[in-house]
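# Examination of the molecular architecture
Listed here are the chains, written in short residue letters.
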Protein chains: 2
Amino acid sequence: MDNIADEPIGLFDSGIGGLTVAREILRNLPHEQIVYFGDTARVPYGSKTRETVVRYAEQIMRFLLTQNIKAIVIACNTASAYAIDDISAQAGRPVIGVVEPGAVMAAQATENKRVGIMATAATIESRSYDKAIARIDPAVQTFGQACPILVPLVEEGWIDDPVTIEVLKRYLHPLLEKDVDTIVLGCTHYPLLRKVIRRLVGDKIHLINPAYETAQALKKLLEEKKLLREKPAEEGARYPYRFFVSDNAERFADFAQSILPVDVRTATKIPIEHY
Amino acid sequence: MDNIADEPIGLFDSGIGGLTVAREILRNLPHEQIVYFGDTARVPYGSKTRETVVRYAEQIMRFLLTQNIKAIVIACNTASAYAIDDISAQAGRPVIGVVEPGAVMAAQATENKRVGIMATAATIESRSYDKAIARIDPAVQTFGQACPILVPLVEEGWIDDPVTIEVLKRYLHPLLEKDVDTIVLGCTHYPLLRKVIRRLVGDKIHLINPAYETAQALKKLLEEKKLLREKPAEEGARYPYRFFVSDNAERFADFAQSILPVDVRTATKIPIEHY
């Protein structure tokens, strides 16, 4: 009988951003296999309603369950914020999102109990980080800042760029005014701007990358459930990463190749609305 | 028997941008009724592939056909660029997109036969404006500039704003270097930036607004087909504008109210992927 621990992890995002989470899993849990789904036909989620994001997440869950996965990682802040309870209730296996691990680390890191959250409009509106941090430490005050221009800037490739710096200054200003000592990079694209943000905020502010914290939390969860894969994939065995998208498989594969330190062969397009 | 000319026009866009086209129709064809569909659950189209945009457009066409429409306006540059042939072949009634009317006016307006096109990545990649202009006047040279940051900036409300001005300068620079005397605002959001663009390019460049040209072309088309509505809606008759969306009906109605000089009562959410 197959060992469940040898099955892959199912991971999904609205598009390419979740690749930063896949990268952290690859670095921190190198023996794990991943089935990645990016909803490139309906990206972005950050401007959509809870009802729509939950419906999309449920379709993706049903697809991932066809792939014999042992656990699900919601590698998208908006989908984690809106859909984690529904997906956890329906998936029949461990589910982890990026919000909770990010919130845990933010609550631990802050010394003055003032945490800023940069995220999409939907994530900010959901107040998911605020609620998760309050559950961990009710003394922490949180301040949200929706940053809708950042994802397009990252996707345009304008990273260390005067326009992006000006936009970041504008988004960071209200948080710095509130004297936060910790900022959550609450969208999977934002860690790609980390160096520029670090330069703007100085050395004294903790920058929390939920992608990294999620990989650590996933490791702990799989250990607890005895689902951690111990052995590396055998030479010539099934390829450890598989990528599925709802649109533009070629562009996705190119981008994944630029983010991940593995050979991304191809991505496969599937009709996600039929799941 | 009902007069077909009294039936509404079906108009669709990936989201809210098509409201600039609805506004021009309202101004120029005040007796017409409109059924508007905005695909807010899958917006934007400008970064998606032809195959996906055509599939979405076909679903919307099937929905609009349930509304007894007499003609279809594709009020989205990307959908016009990719899907007009498919929709024209299947709709069984007149179909007009925004690209052709914009191209006709650009070819007429240019004196030095050098036209720049600002649009989404998908519209630029389709080369639809270039091909349409070449059919009208093969002597005209065209220069495309994808402007992916502009839609998010407009939706953030940063119109006459230093960031937007810097982004516009960067996108306009390559076109001005090519010495164009005419620029097509090839995305329905861009006319909202018209004043800022005018200030940056000076008085000598023709700015083409395909939304306006489309309303004029629609008038001509309906006249030719004897489908122009002559009489105003009767007092208390069916409301002349109806709005449907795939997500976030409330936010859509608010935005529509800010764009259109009519009382936008409500928008209705429908499950577009079932059409």
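See the structure above.
Residues numbered from 1 in each chain as written. Chains lettered and ligands numbered in written order. Predicted model: local features only at pLDDT ≥ 70, side-chain atom pairs only at ≥ 80, totals over all residues. Heavy atoms only, no water.

## Focus: the overall build of chain A
Per the secondary structure count, chain A includes eleven helices and ten strands. For chain A, the C-alpha radius of gyration of 18 Å lies close to 19 Å, the compact-globule estimate for 275 residues. Seen through its C-alpha atoms, chain A measures out along the principal axes to roughly 55 × 35 × 35 Å. Looking at the 275 residues of chain A, the share that counts as buried comes to 60%. Sequence separation of at least 24 residues holds for 77% of the intrachain contacts in chain A that already meet a minimum separation of 6. In the form shown here, chain A has an accessible surface area of approximately 11400 Å², with 50% of it arising from carbon and sulfur atoms. Across chain A, the mean location of the 33 positive side-chain charges is 2 Å away from that of the 36 negative side-chain charges. (Helix = DSSP H or I, 4+ residues; strand = E, 2+ residues; numbered from the N terminus. Rg over C-alpha atoms; globule rule 2.2 N^0.38 Å. Buried < 20%, exposed > 50% of the residue type's maximum accessible area, 1.4 Å probe, protein only. Contact = heavy atoms within 4.5 Å. Areas by Shrake-Rupley, 256 points an atom, 1.4 Å probe, with all protein chains shown as cover. Lys, Arg positive; Asp, Glu negative; His and termini not counted. Charge placed at Lys NZ, Arg CZ, Asp CG, Glu CD.)

## Some remarks on the packing of aromatic side chains
Throughout the structure, instances matching the rule amount to 18 aromatic pairs over all chains. Taken together, a centroid distance of 5.9 Å and an interplanar angle of 50 degrees make the contact between Phe243(A) and Phe252(A) tilted. Phe243(A) gets classed as buried once you look at its relative accessible area, which sits at 3%. Feature note: the residues Tyr36(A), Tyr241(A), Phe243(A) and Phe252(A) constitute an aromatic cluster, connected by ring pairs. In this arrangement the basic side chain of Arg170(A) is found over the ring face of Trp158(B), its NZ or CZ atom lying 4.4 Å from the centre. (Phe/Tyr/Trp six-rings, centres within 6.5 Å; stacked < 30°, edge-to-face > 60°. Lys NZ or Arg CZ within 6 Å of the ring centre and 35° of its normal.)

## Things to note about the packing of helix H4 (residues 99-109) of chain A against helix H6 (residues 128-136) of chain A
Residues and elements named next belong to chain A. Packing of H4 against H6 leaves a shortest axis separation of 9 Å and a crossing angle of 55 degrees. Our classification of the angle between H4 and H6 gives oblique. Every pair of crossing elements has a handedness; the one defined by H4 and H6 is right-handed. Contacts from Val99, Glu100, Gly102, Ala103, Val104, Ala106 and Ala107 in H4 reach Ser128, Tyr129, Ala132, Ile133, Arg135 and Ile136 in H6. Each residue belonging to the contact of H4 with H6 can be placed in one class, and the counts come to nine nonpolar, two polar and two charged. (Axes fitted to C-alpha atoms, helices over the stretch in contact; angles between N-to-C directions. Parallel < 35°, antiparallel > 145°, perpendicular 65-115°, else oblique. Left-handed = near helix turned anticlockwise from the far one by under 90°. Nonpolar A, V, L, I, M, F, W, Y, C, P; charged D, E, K, R; others polar.)

## A look at the sheet that holds strand E10 (residues 267-269) of chain A
Strand pairs in the sheet, formed through backbone hydrogen bonds, run parallel or antiparallel to each other. Residues and elements named next belong to chain A. Spatially, E4-E3-E1-E2-E9-E10 is the arrangement adopted by the six strands of the open sheet, whose pairing is parallel. Only two strands of the sheet have a single neighbouring strand rather than two, namely strand E4 (95-97) and E10. With direction set aside, neighbouring strand axes in the sheet form an average angle of 20 degrees. The pairing of strand E1 (residues 9-13) with strand E3 (residues 71-74) spans four bridges and is classified as parallel. (Pairing = 2+ DSSP bridges.)

## A closer look at unusual backbone geometry
All names here are of chain A. The step from valine 43 to proline 44 runs through a cis peptide bond, and the omega angle for that step is 0 degrees. Of note, proline 44 is situated in the loop between strand E2 (34-38) and helix H2 (50-65). Positive phi values are uncommon outside glycine, yet aspartate 179 reaches one of about 65 degrees. Tracing the chain through its elements places aspartate 179 in the loop between helix H8 (162-177) and strand E7 (182-185).

## Brief notes about the packing of helix H1 (residues 19-28) of chain B against helix H10 (residues 210-224) of chain B
Residues and elements named next belong to chain B. Here H1 crosses H10 at 45 degrees, and the two axes come no closer than 8 Å. Here H10 runs oblique to H1, going by the angle between their axes. At the point where H1 passes H10, the crossing takes the right-handed sense. Seen from H1, the contacting residues are Thr20, Val21, Glu24, Ile25 and Asn28; seen from H10, they are Ala211, Tyr212, Thr214, Ala215, Gln216, Leu218 and Lys219. Among the residues making up the contact of H1 with H10, the classes are represented as six nonpolar, four polar and two charged.

## A word on the interface of chain B and chain A
Counting residues at the interface gives 32 residues for chain B and 32 residues for chain A. Interface of chain B and chain A: buried area, both sides summed, is about 2500 Å²; carbon and sulfur atoms make up 50% of it. Our count for the contact surface shared by chain B and chain A stands at six salt bridges. Viewed at the interface, chain A and chain B are joined by 20 residue pairs in polar contact (both at pLDDT 80 or more). At the level of elements, helix H2 (50-65), helix H7 (150-156) and helix H8 (162-177) of chain B are the ones that each hand at least two residues to the side of chain B that touches chain A. Looking at the side of chain B that touches chain A element by element, the count peaks at six residues for H8(B). Considered class by class, the residues forming the side of chain B that touches chain A number 13 nonpolar, seven polar and twelve charged. (Buried area = accessible area lost by both parts, 1.4 Å probe. Salt bridge = Lys/Arg side-chain N within 4 Å of Asp/Glu carboxyl O. Polar contact = N/O pair within 3.5 Å; in protein donor to acceptor, adjacent residues only side chain to side chain.)

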